[in-house]
Amino acid sequence: MKQRILELLPKTDCQMCGMTCTDFADFLLSGDLTPQECPTLQEDAYTVQREALAELLAQLAARAKTGHLIDRDKCSGCGICLIVCEYNAANDSESRQGKGPYAGAKVVLRIINGRVVLADETLCTRLLQAADKCSKCQDHCPTQAIVLV
Ligand code: SF4
Ligand code: SF4
Ligand code: SF4
């Protein structure tokens, strides 16, 4: 994971952050620094990398809470995970019928632009379960796009 983070940094070792890019990647991984603390990354030339890094770090933060790691490149957008999700099934009637979720619904998983996103990990029932945690989204995904760690 550190390597993936490092790949998204400018890798100039300019030391404007007070260290090398490799050390900065360590601090990003631990959560002790944020991408905003790399001045070089804020330059327009690094917009794509900056956005990709923000998405990766957001995924890591969510995974720390629920165990989800989503590979959006593998996702076909089929929506099966939304339908089988324990929270969605219990709380969102549209999802239960295989239709939803509607725009304002509180849901764990949502499809945006044809790919699944963790819309609100704080609703995932895994946060409340000490044992035998739900893994339905992972178990039913036909492309192994969702991994629970
Ligand atoms: S400021 Fe950014 S580009 Fe420069 S060394 Fe630190 S992490 Fe690398
Ligand atoms: S682990 Fe269960 S509750 Fe959490 S998102 Fe997946 S299916 Fe929904
Ligand atoms: S994560 Fe899997 S089950 Fe969910 S929409 Fe993507 S491909 Fe379908």
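By convention here, each chain's residues receive numbers from 1 onward along its written sequence. Both sets of labels track the order of writing: A upward for chains, 1 upward for ligands. Residue-level local features of this predicted model are given only where pLDDT is at least 70; pairs of side-chain atoms are given and counted only at 80 or more, and the full residue set underlies all totals for whole chains, interfaces and linings. Where side-chain values are given, they derive from all heavy atoms of the structure, hydrogens and water being excluded.

## What to know about the overall build of the chain
Secondary structure assignment for the chain yields 7 helices and 4 strands. Helices and strands in the chain line up, N terminus first, as α-α-α-β-α-α-α-β-β-α-β. The contact rule is simple, with two residues in contact once any of their heavy atoms fall within 4.5 Å. Look at the contacts in the chain between residues 6 or more apart in sequence, and 49% of them connect residues 24 or more apart. For the chain, the exposed area adds up to about 8,400 Å²; of that, 50% sits on carbon and sulfur atoms. By the counting scheme adopted, Arg and Lys are positive, Glu and Asp are negative, and His together with the chain ends is not counted. The location of each charge is read from NZ of Lys, CZ of Arg, CG of Asp or CD of Glu. When the 16 basic and 19 acidic side-chain charges of the chain are each reduced to a single mean position, those positions are 8 Å apart. Strands here are runs of E lasting at least two residues and helices are runs of H or I lasting at least four, both read from the DSSP assignment and numbered beginning at the N terminus. To be clear on the numbers: accessible area is Shrake-Rupley with a 1.4 Å probe, and residue cover counts the displayed protein chains and nothing else.

## So, the pattern of salt bridges
Close approach of charged atoms allows side chains of opposite charge to pair. Salt bridges are counted wherever a side-chain nitrogen of Lys or Arg sits within 4 Å of a carboxyl oxygen of Asp or Glu. Tallied over the entire structure, the rule returns 4 salt bridges. A salt bridge links D26 to K2, with the nearest nitrogen and oxygen atoms 3.2 Å apart. Residue D26 is located in helix α2 (residues 21–30), and its partner K2 is located in helix α1 (residues 2–8); the two are separated by 24 residues in the primary sequence. A salt bridge links E86 to K136, with the nearest nitrogen and oxygen atoms 3.8 Å apart. Linking E86 in helix α5 (residues 86–91) with K136 in helix α7 (residues 136–140), this pair joins segments that are 50 residues apart in sequence. Among the residues examined, E86 registers a relative accessible area of 26% and is labelled partly exposed. Burial status follows relative accessibility: with a 1.4 Å probe on protein chains alone, a residue under 20% of its type maximum counts as buried, one over 50% as exposed, and anything between as partly exposed.

## Some remarks on the site of ligand 3
When we say a residue is near a molecule or strand, we mean one of its heavy atoms is within 4 Å of it. If you check the shell around ligand 3, you find 14 residues, and the closest are C75, C78, G79, C81 and C141. Among the residues forming the shell around ligand 3, the class breakdown is 10 nonpolar, 4 polar and no charged. For this classification, Asp, Glu, Lys and Arg are treated as charged, while Ala, Val, Leu, Ile, Met, Phe, Trp, Tyr, Cys and Pro are nonpolar and the rest, including Gly, are polar.

## Regarding helix α3 (residues 47–66)
Take the number of residues in a helix, subtract one, and multiply by 1.5 Å to get its expected span. The terminal C-alpha atoms of α3, which comprises 20 residues, lie 29 Å apart, in line with the 28 Å expected from a rise of 1.5 Å per residue. For α3, the set of buried residues is L53, L56, L57, Q59, L60, A62 and T66. Its buried side turned inward, α3 meets α1, α2, β1 (68–70), β3 (115–118) and β4 (146–148). Count one or two residues on from α3 and you reach G67, which has phi positive near 95°.

## Let's talk about the site of ligand 2
Surveying the vicinity of ligand 2 reveals the residues H68, C85, E86, Y87, V108, L109, C124, T125, R126, C134, K136 and C137. Residues belonging to the shell around ligand 2 are distributed by class as follows: 7 nonpolar, 2 polar and 3 charged.

## Looking at α2
Among the residues of α2, those classed as buried are C21, F24, A25 and L28. The buried residues of α2 occupy an angular sector of 105° when the element is viewed end-on, so they sit on one face. Looking at the residues trailing α2, positive phi occurs at G31, about 85°. Here, the arc refers to the directions that run from the helix axis to the C-beta atoms.

## What to know about the environment of A61
Position of A61 relative to the elements: it lies in helix α3. A C-alpha to C-alpha distance of 15 Å links A61 and R4, two positions 57 residues apart in sequence.

## Things to note about unusual backbone geometry
Backbone geometry at K11 places phi at a positive 60°, although glycine is not the residue there. Within the fold, K11 resides in the loop between α1 and α2. The backbone of N113 sits at a positive phi, close to 50°, despite the residue not being glycine. With respect to the helices and strands, the residue N113 is situated in the loop between β2 (109–112) and β3.

Keep in mind these numbers describe shape, not what the thing actually does.
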